[in-house]
Amino acid sequence: MNNDFTLQIMFDRIDAYHLSDIREELINVLTASVYRNASGYARDQIIEIWGKIEEEMAKVNEPPTEEQLSLEHPEMLDI
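Residues numbered from 1 in each chain as written. Predicted model: local features only at pLDDT ≥ 70, side-chain atom pairs only at ≥ 80, totals over all residues. Heavy atoms only, no water.

S.K.: When you look at the pattern of salt bridges in this model, what are you seeing that I'm missing?
M.R.: Enumeration according to the criterion identifies 4 salt bridges in this entry. As a salt-bridge pair, glutamate 54 and arginine 13 come within 2.3 Å of each other at their nearest N and O atoms. Here glutamate 54 is found in helix α3 (residues 39-61), whereas its partner arginine 13 is found in helix α1 (residues 6-16), with 41 residues between them in sequence. The partner of lysine 52 in a salt bridge is glutamate 25, and the shortest N-O contact between them spans 2.8 Å. One end of the pair, lysine 52, is in helix α3; the other, glutamate 25, is in helix α2 (residues 20-35), with 27 residues separating them in the sequence. (Salt bridge = Lys/Arg side-chain N within 4 Å of Asp/Glu carboxyl O. Helix = DSSP H or I, 4+ residues; strand = E, 2+ residues; numbered from the N terminus.)

Encoded structure:
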């Protein structure tokens, strides 16, 4: 991760994928690092949160299965 833009990228992805719970978690970690001098802990947590963002993005970008398509579009079965 490039330290110059890591947090901006994380917040951009959080906003793009509407991950409000992860946004709150990231803000809490950043607040703790600033006010409690817990930068080592914060760094570890930020890396963990980055992984959560990637997982959520993968779920959203996953193509639907054949079963999901047939449930969402039963009219396609008539062909």
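S.K.: Please clarify how the packing of α1 against α3 should be interpreted in this entry.
M.R.: If you want to describe how two helices pack, look at the angle between their axes and the distance between the axes. Their axes nearest at 11 Å, the elements α1 and α3 cross at an angle of 35°. Seen along the crossing, α1 lies across α3 with a hand that is left-handed. Taken together, the residues of α3 that come into contact with α1 (itself represented by Thr6, Leu7, Ile9, Met10, Arg13 and Ile14) are Ile46, Ile49, Trp50, Ile53, Glu54 and Met57. In the contact of α1 with α3, the residues fall into 9 nonpolar, 1 polar and 2 charged. (Axes fitted to C-alpha atoms, helices over the stretch in contact; angles between N-to-C directions. Left-handed = near helix turned anticlockwise from the far one by under 90°. Contact = heavy atoms within 4.5 Å. Nonpolar A, V, L, I, M, F, W, Y, C, P; charged D, E, K, R; others polar.)

S.K.: What is the right way to read the packing of α1 against α2 from this model?
M.R.: At their nearest, the axes of α1 and α2 sit 10 Å apart, and the two run at 155° to each other. By the angle class used here, α1 and α2 are roughly antiparallel. Touching Leu7, Met10, Phe11, Ile14 and Asp15 of α1 are Ile22, Arg23, Leu26, Ile27 and Leu30, all from α2. Of the residues contributing to the contact of α1 with α2, the split by class is 8 nonpolar, no polar and 2 charged. (Parallel < 35°, antiparallel > 145°, perpendicular 65-115°, else oblique.)

S.K.: Hey, could you run me through α3 in this one?
M.R.: Quick reminder: α-helices carry 3.6 residues per turn. Residues three or four places apart thus point the same way. When the terminal C-alpha atoms of α3 are compared, their 32 Å separation across 23 residues agrees well with the 33 Å that a helix rising 1.5 Å per residue should span. Buried residues of α3: Ala42, Gln45, Ile46, Ile49, Ile53 and Met57, and no others. Looking at the buried residues of α3, the elements they touch are α1 and α2. (Expected span 1.5 Å × (residues − 1). Buried < 20%, exposed > 50% of the residue type's maximum accessible area, 1.4 Å probe, protein only.)

S.K.: Is there a simple way to think about the environment of isoleucine 49 in this case?
M.R.: By the secondary structure assignment, isoleucine 49 is in helix α3. The exposure class assigned to isoleucine 49 is buried, which follows from its relative accessible area of 0%. Excluding residues within four positions of it along the chain, isoleucine 49 makes contact with Met10, Ile22, Glu25, Leu26 and Val29.

S.K.: Just checking my understanding: could you explain the environment of aspartate 12 for this structure?
M.R.: By the secondary structure assignment, aspartate 12 is in helix α1. Judged by relative accessible area, aspartate 12 falls into the partly exposed class, the value being 43%. Aspartate 12 sits 49 residues away from asparagine 61 along the chain, and the two C-alpha atoms are 16 Å apart.

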